[in-house]
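Here are the chains, one letter per residue:
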Amino acid sequence: MVTSIQDENGLPRNTNIELKDGKNYVAKTSNTTKLDLGQASLRGQDEHRLKNYTRRNEKFDFSISLDSGSVQARFPVFFGTDEDSFLRHRELSLKIRRLKQDPNYFSTQNQGEAIGNSNLSWSALVEKNVKPMIVPKVKKPSVIADNSLKPLGYVLLRIMVDDLFKTPIMKPITTRGIVNTGNICYMNSVLQILVHCDPVVRIMEVITKGVRANFAADSKSPLLDAFTMLIEQFTIPYSTKAVSPATFFNAVARLPRFAHLRWGRQEDAEEFLGYLLDGLHEEFVGAIKDLSETERQSLLQKIDDPERKIFILNSLEAIDGNSGSSAGSSTTSTQALSRETDDGWQEVGNDKKFAAKRTVQVKSSPITQLFGGQFRSVLDIPRQRESKSITLDPFMHVQLDISDPKINTLEEAFLNLSAAEEIPYKSQQGKDVTAIKQTFIHKLPKVLIIHLKRFEYVPEDSFSFGRIEKLKKKIEYGFDLEIPLESISDSRKRLSSKPLHRSYKLIGVVYHHGAGAEGGHYTVDVLKSEKNKWLRIDDAAISELSKEEVTENSTCEDAKSAYILTYQRLD
């Protein structure tokens, strides 16, 4: 191993050392660091850190004389730091790059104050190809131009009203595995699904480039911070080394929502995915709620489209309301079946009776706009004043029951979702009646997550205790999916003013390997969209595969079963 030789000041000095094979090498300093801080003033502590950074940015030339000639290379004086240290430096460097892009952060009046009062660590600049930060001499931005960085909530609202989901990703995703040193294959598979979902990456990229850096130790968006840094590791060009998830895992495991996570203990992939999306949604809602009135008005003034303004105002009203959880609230109304409702429905009934409708209002965020859909459940109750009870419920993934032996395809599972179900019910007169319940899809999301319910509880009997068993049956699915019309609510099909987009393309599959729910292993197939090829990722191992291998999805020998399917809508 080669290390640098330092003098009494800690800097490298010229040296000649005889190698065992008789070859010589020469190492000499080559200091190319130049700093121009203009009129900025530094505190003593920051000045010490700056000098320390200058030392760490030294390079030394390394040459070896061989019989065939000489080989030369340039190395940093300090190299070989561990990965956790590098990721911490990278995270702070990312914040510094964001800070440099904000022309409103620095001003000619308080350049020194801006540096002195910030929680920057100059040593955080130690990153390949990152130059020292130079305080910009900025001009006052024009009224029309709006290139300054904004609060997170401001950017999120712009994402919600600007059609950024169709914009191509600017930074291509580099295919990299994720190291598994502690039974975290469930997390690795879910993260690979999201990393290779173009709309998700686009949202994170817009946030990274447009959000003002947050230097507070008690960040209000720790999950977003951790996920953004993870995405950044997949945008490093030509890097194929597997990513270490330790930093991400440690960050999320400190959050109350993920308090149950333990390194080395297997968890359910579908449950983790739900927690992750819910957590991001709640942080987004909190960021929007924290916007000041001035920031809200500033955004509204930049939007000309009346419909988008109304959408933002309605979203802010729902988020600011004291209506319960961040997911939303419920409202109940009683309506005549022949009356057109506020959301465009027209309920039709021959008996002219009333229907009780309950709607769960969802607080909007880019997460619910991307993954959020809506069920319409209809409970038909005989011999009752309100002959029907209608409930609109939000979802971010569809759970499909596949336990029926007749269900062998994805389309059949959707039809089963909307099948009529008889349930015992007690009427308002206290009489036992049989009600009919049906569940339909009223709103389809842009990205549809399908969870195949493979684990079911088997009650205790005379031969065994109660247990959870895995359904290993093969469910056929294709690269193209069209949601059956029978699964769409009648009221939604009658809304001719809004196109009914039912066609999807497959972009990812998470598999569960094993016989039971308590253990096993997770792998994932993902579509590399820009190259239109499929990859199989088993933690750190990556292999290219044919389309036929993606859809074969299950073999009895290794109990490999498709568990989570991800489809992107074709608009």
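Residues numbered from 1 in each chain as written. Predicted model: local features only at pLDDT ≥ 70, side-chain atom pairs only at ≥ 80, totals over all residues. Heavy atoms only, no water.

Visitor: Describe in detail the overall build of the protein, supporting the description with residues and values.
Guide: The number of helices and strands found in the protein is 15 helices and 20 strands. Relative to its full complement of 571 residues, the protein shows a buried share of 46%. Considering only residue pairs separated by 6 or more positions, the protein has 69% of its internal contacts joining residues 24 or more positions apart. Working note: accessible area of the protein is about 29700 Å², and carbon and sulfur atoms make up 49% of it. (Helix = DSSP H or I, 4+ residues; strand = E, 2+ residues; numbered from the N terminus. Buried < 20%, exposed > 50% of the residue type's maximum accessible area, 1.4 Å probe, protein only. Contact = heavy atoms within 4.5 Å. Areas by Shrake-Rupley, 256 points an atom, 1.4 Å probe, with all protein chains shown as cover.)

Visitor: Before we move on, can you summarise the environment of His451 with the specific residues and values?
Guide: Residue position: His451 is located in strand E12 (residues 447-453). Setting aside residues no more than four positions away along its own chain, His451 makes contact with Glu270, His397, Val398, Gln399, Leu400 and Tyr563.

Visitor: How would you summarise the pattern of salt bridges if you had to cite specific residues and measurements?
Guide: All chains considered together, the criterion is met by 12 salt bridges. Across the pair Asp162 and Arg308 runs a salt bridge whose closest N-O atoms are separated by 3.6 Å. With Asp162 in the loop between helix H4 (152-161) and helix H5 (185-195) and Arg308 in helix H11 (residues 306-320), this residue pair connects regions lying 146 residues apart in the sequence. One salt-bridge network, in which partners are shared between bridges, spans Arg158, Asp162, Asp305 and Arg308. (Salt bridge = Lys/Arg side-chain N within 4 Å of Asp/Glu carboxyl O.)

Visitor: A description of the confidence of the model for the protein should follow, citing residues and the corresponding values.
Guide: The predicted model of the protein has a mean per-residue pLDDT of 75, with 62% of residues at 70 or higher. Low pLDDT, under 50, characterises residues 322-328; the stretch is placed with 17 contacts to residues that sit more than four places away or in other chains. Taken together, the stretch residues 332-350 has pLDDT below 50 and engages in 47 contacts with residues farther than four places along the chain or on a different chain. (pLDDT = per-residue confidence, 0-100.)

Visitor: Tell me about unusual backbone geometry, and please be specific about residues and values.
Guide: We note that Asn183 has phi near 55°; this positive angle belongs to a residue other than glycine. Mapped onto the elements, Asn183 comes out in the loop between H4 and H5. Among the residues examined, Asn183 registers a relative accessible area of 41% and is labelled partly exposed. Phi is positive for Asn532, which is not a glycine, with a value near 50°.

Visitor: Can you tell me about helix H10 (residues 293-301), naming the residues and giving the values?
Guide: Buried within H10 we find Arg296, Leu299 and Leu300. One face of H10 carries all of its buried residues, which in axial projection span an arc of 100°. Residues of H10 that are exposed and point more than 90 degrees away from the buried face comprise Thr294 and Gln301. Lining the buried residues of H10 we find H4, helix H9 (269-289) and H11. (Arc of directions from axis to C-beta.)

Visitor: Residues and numbers for the packing of H4 against H9, please.
Guide: Look at H4 against H9: their axes get within 7 Å of each other, and the N-to-C directions meet at 110°. Compared by their axis directions, H4 and H9 come out roughly perpendicular. Taken together, the residues of H9 that come into contact with H4 (itself represented by Leu152, Gly153, Leu156, Leu157 and Met160) are Phe284, Ala287 and Ile288. Considering only residue class, the contact of H4 with H9 consists of seven nonpolar, one polar and no charged. (Axes fitted to C-alpha atoms, helices over the stretch in contact; angles between N-to-C directions. Parallel < 35°, antiparallel > 145°, perpendicular 65-115°, else oblique. Nonpolar A, V, L, I, M, F, W, Y, C, P; charged D, E, K, R; others polar.)

Visitor: Let's hear about H9: which residues, and what values?
Guide: Along its 21 residues, H9 runs 30 Å from first to last C-alpha, staying within 8% of the 30 Å computed at 1.5 Å per residue. Across the 21 residues of H9, 15 count as buried, placing the element largely inside the fold. Of the residues that open H9, the one with a side-chain oxygen 3.1 Å from the backbone nitrogen of Glu270 is Asp268. (Expected span 1.5 Å × (residues − 1). Polar contact = N/O pair within 3.5 Å; in protein donor to acceptor, adjacent residues only side chain to side chain.)

Visitor: Account for empty space enclosed by the protein, with residues named and values stated.
Guide: By the definition in use, this model includes two cavities of 30 Å³ or more. If you add up the space inside the largest cavity, you get close to 60 Å³. Taken together, Leu194, Val200, Ile203, Met204, Phe227, Leu277, Leu280, Ile367, Leu370 and Phe371 make up the lining of the largest cavity. In terms of residue class, the lining of the largest cavity is built from 10 nonpolar, no polar and no charged. (1 Å grid on protein atoms, 1.4 Å probe; cavity = no way out; pocket = protein on both sides within 12 Å on 5 of 7 lines; lining within 4 Å. Points joined across faces, edges and corners; volume = space filled by probe spheres on them.)

Visitor: Help me get a handle on the packing of aromatic side chains, residues and values and all.
Guide: Summed over the entire model, instances satisfying the criterion amount to eight aromatic pairs. Geometrically, the ring pair formed by Tyr186 and Phe272 is edge-to-face, given 5.6 Å between the ring centres and 80° between the ring planes. Here Phe272 lies in helix H9 and Tyr186 lies in helix H5, a separation of 86 residues in the sequence. The class of Tyr186 is buried, set by a relative accessible area of 0%. Cation over ring: Lys547 sits above Phe479, and NZ or CZ is 5.4 Å from the ring centre. (Phe/Tyr/Trp six-rings, centres within 6.5 Å; stacked < 30°, edge-to-face > 60°. Lys NZ or Arg CZ within 6 Å of the ring centre and 35° of its normal.)

Visitor: So what's going on with the environment of Thr247? Residues and values would help.
Guide: Tracing the chain through its elements places Thr247 in helix H8 (residues 246-253). Residue Thr247 is classed as partly exposed on the basis of its relative accessible area, which comes to 37%. Spatially, the C-alpha atoms of Thr247 and Met229 are 9.2 Å apart, while their sequence positions differ by 18 residues.

Visitor: How would you explain the environment of Ala242 if you had to name every residue and give the values?
Guide: Examined against the element boundaries, Ala242 turns out to sit in the loop between helix H7 (222-233) and H8. For Ala242, a relative accessible area of 17% translates into the label buried. Separated by 64 residues in sequence, Ala242 and Ile178 have C-alpha atoms that sit 5.0 Å apart.

Visitor: If you had to explain the pairing of strand E19 (residues 541-545) to someone new, which residues and values would you point to?
Guide: In this sheet, E19 lies alongside strand E18 (residues 533-538) in antiparallel orientation, the contact comprising five bridges. By the bridge assignment for E19, Leu535 is matched with Glu544. Taking the residues that link successive antiparallel strands as the turn, the E18-E19 hairpin has two residues, and the phi of Asp539 there is positive, at about 55°. (Pairing = 2+ DSSP bridges.)

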